[in-house]
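Residue-level structure breakdown
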Amino acid sequence: MRKLRLRIGALVSAAALALSLTACGAAKAETLDIFAMDTYMSLVAVGSGGYDALQTAAVEINRLEALLSRTKDGSDVSRLNASAGGEGVTLSGETAALLALAKDCADRTAGAFDVTVAPLVDAWGITTDTPRVPAQSEIEALLTLVGGEHLTVDDSALHSSQLPPEDVAAALDAGCAVDLGGIAKGYASDRVADIFEKYQLTGGTVSLGGNVYVCGTTGEGKPWNVAIQDPNDSDGFAVRLRLSDAFVVTSGGYQRYFTAPDGTVYQHIIDPATGYPARSDLVSVSIVTYRAGGDRQGTMADAYSTALYVMGEAGAAAFWQAHRSDFDMVLITGDGRLLYTPGLADTIETDGSAYACQVIA
Amino acid sequence: MLVKSSLKPCRWDLLVAGAVAALAVITGIVFYGAQTGGGALSAVITHRGTEVERIDLTRLTKETEITVSGVYTLHICADSAGIAVTQADCPTQDCVHTGRITRPGQSIVCLPEQVVIHLEGRSDDAPDVIVG
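Now for a quick tour of the structure. From a predicted model like this one, the values you see are computed outputs, not experimental measurements.

Residues and elements named next belong to chain A. Secondary-structure assignment places Pro277 in the loop between strand 12 (265-267) and strand 13 (282-290). Note on Pro277: relative accessible area 5%, which makes it buried. In this structure, the C-alpha to C-alpha distance between Pro277 and Leu201, residues 76 residues apart in sequence, is 41 Å. Excluding anything up to four places from it in sequence, Pro277 contacts Trp124, Ile126, Tyr266, Gln267, Ile269, Ile270 and Asp271.

So this is what it looks like as structure tokens:
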């Protein structure tokens, strides 16, 4: 009997050996790479519903582009801009709600993020074939078209019991235009996060041109390793964060810029207060928000990353002090310092960073 | 008696058990070895959704030029340690501004021509996502 037990023992351990090899393998990951919303998007889904989740996400991203794009005819935003100075248009409840949220963000950031800055973005054309430095008089004239007061969204409909409301009236003053480029990708990341949740994925990553969402854990059950690009070294990372169910949105002027004939370098983020590309003392701003923090955390992170870049170091630090329970952030200054909020203390890896890293108290 | 003798382990049983254990060890080495065996670095170039080049950079012995053309033309320069877009006639120049990349997980993107150059390879410290 002892020998029989031995033999069974050998069989069990052999089976355990074989099993351990398959069980340790990373769970299957599906990937999707697409060009949409004027950026390159890369999505990874881990879990049994991964393929279907990504197909649904692709359909959703295309739907949002058709709704929110400024350059696509017939989109809600194109129709709104075309109606400027007229009687107004009716928008889908979804677009109206996003415009209302954008207006909220403009109020909270004292106009550092403002979707009505579009006429100035057009005048500079920094990300187009024909960037130029507009005349001071032109900038001053266009500045009068910037501001939340030029955009009216029928708030009453948004607060009605029917959510989302079918049609919401909106109007824009003559000459004005809105561009949701600073918030639409964040909104898309929120929508994809909803889809990942619906498909009960164990993990996934969403990278929509500077807007990242990490869902759950890696195939090995660990938090995701998110690296923030070093703005001064294309080949390096400033710091890494170990995150789950979190959004990370980075804004900076180090990749998209143009050099004027006189040698001046203009980065692409326009300061709605001056009408000029922001002359920030920050080179990179990363906002971190958490899915557990409530609705539209990705959208908010997107708007805040732009706003805090425009505000600069002192303004960003003051803004965080006033809203410290809402988000975490990593700032990289022009003089080589890296500042992060205490909420990231357990997730940030500063080893090997080229920057002097310090916690914001 | 017959039943009893068949339960007696003989040298063949030992051999089978040994073979199973050896197979497990070999599979283990192959499986984990493939994951951690560092050094390999490949550049994958996709153009408008289609993979057009896959280069094992570690095997390059000299600088190699790759050209991707469509509406715009990108001149790409690869060597055994990295890859960069050295010149492009696209309007934004983001791909040129990105500079040279050398680590698994990094990529260079040209939006106007829809070109993605992505570095693949095994590295213990490669991030899952890069933001910036």
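Read on for the rest.
Quick look at the sheet that holds strand 7 (residues 115-121) of chain B now. All names here are of chain B. Across the sheet, which stays open at both edges, the four strands sit in the order 2-1-7-6 with antiparallel pairing between neighbours. The sheet terminates laterally at strand 2 (50-56) and strand 6 (107-110), the two strands that pair on one side only. Shown here is a sheet whose adjacent strand axes are inclined to one another by a mean of 15 degrees, direction ignored. With four bridges joining them, strand 6 and strand 7 adopt antiparallel strand pairing. Pairing of Ser107 across the sheet is with His118, part of strand 7.

Residue and element names in this part refer to chain B. Positive phi is not limited to glycine here, since Gln93 has a value of about 65 degrees. For Gln93, the position within the fold is in the loop between strand 5 (83-88) and helix 3 (94-98). What makes Gln93 partly exposed here is its relative accessible area of 23%. Positive phi outside glycine occurs at Gln114, with the angle close to 50 degrees.

All names here are of chain A. The strand order across the open sheet formed by nine strands is 1-2-6-7-10-13-14-15-17, and the pairing between neighbours is mixed. Bordering the open sheet on either side are strand 1 (29-36) and strand 17 (356-359), each of which pairs with just one other strand. Taken pair by pair, the neighbouring strands of this sheet meet at an average axis angle of 10 degrees, ignoring direction. Where strand 13 lies against strand 14 (residues 328-333), six bridges are found, and the strand directions are antiparallel. Within the sheet, the bridge partner assigned to Ser286 lies in strand 14 and is Val330. Strand contacts of helix 8 (residues 184-198): strand 2 (39-46), strand 6 (203-208), strand 7 (211-216) and strand 10 (246-252), with the helix running at about 165 degrees to strand 6, the strand carrying the most contacts. Packed onto the sheet, helix 9 (residues 297-322) meets strand 7, strand 10, strand 13, strand 14 and strand 15 (337-340) and runs at close to 130 degrees relative to strand 13.

The next thing to look at is the interface of chain A and chain B. Chain A puts 40 residues into the contact, and the matching count from chain B is 37 residues. Between chain A and chain B, a total of about 3,300 Å² is buried, with carbon and sulfur atoms accounting for 59% of that surface. Connecting chain A to chain B are one salt bridge. Linking chain A with chain B are 13 residue pairs in polar contact (both at pLDDT 80 or more), by the criterion used here. Among the secondary structure elements, those contributing two or more residues to the side of chain A that touches chain B are helix 1 (2-24), strand 2, strand 6, strand 7, strand 8 (224-229), strand 9 (237-243) and strand 10 of chain A. With eight residues, helix 1 of chain A is the single largest residue contributor to the side of chain A that touches chain B. Of the residues in the side of chain A that touches chain B, the class split is 18 nonpolar, 15 polar and seven charged. With three bridges connecting them, strand 8 of chain A and strand 8 (residues 129-131) of chain B associate as parallel partners. Within strand 8 of chain B, the position partnered with Ile228(A) by the bridge is Val131(B).

Turning next to the packing of helix 8 of chain A against helix 9 of chain A. Residue and element names in this part refer to chain A. Relative orientation of the contacting elements helix 8 and helix 9 amounts to 160 degrees, with a least axis distance of 7 Å. It follows from the interaxial angle that helix 8 and helix 9 lie roughly antiparallel. Read as a crossing pair, helix 8 and helix 9 show a hand that is right-handed. When helix 8 is examined against helix 9, the residues Ala184, Lys185, Gly186, Tyr187, Ser189 and Asp190 are found in contact with a partner set consisting of Gln297, Gly298, Thr299 and Asp302.

Criteria and thresholds
- Residues numbered from 1 in each chain as written.
- Chains lettered and ligands numbered in written order.
- Predicted model: local features only at pLDDT ≥ 70, side-chain atom pairs only at ≥ 80, totals over all residues.
- Heavy atoms only, no water.
- Helix = DSSP H or I, 4+ residues; strand = E, 2+ residues; numbered from the N terminus.
- Buried < 20%, exposed > 50% of the residue type's maximum accessible area, 1.4 Å probe, protein only.
- Contact = heavy atoms within 4.5 Å.
- Pairing = 2+ DSSP bridges.
- Axes fitted to C-alpha atoms, helices over the stretch in contact; angles between N-to-C directions.
- Buried area = accessible area lost by both parts, 1.4 Å probe.
- Salt bridge = Lys/Arg side-chain N within 4 Å of Asp/Glu carboxyl O.
- Polar contact = N/O pair within 3.5 Å; in protein donor to acceptor, adjacent residues only side chain to side chain.
- Nonpolar A, V, L, I, M, F, W, Y, C, P; charged D, E, K, R; others polar.
- Parallel < 35°, antiparallel > 145°, perpendicular 65-115°, else oblique.
- Left-handed = near helix turned anticlockwise from the far one by under 90°.

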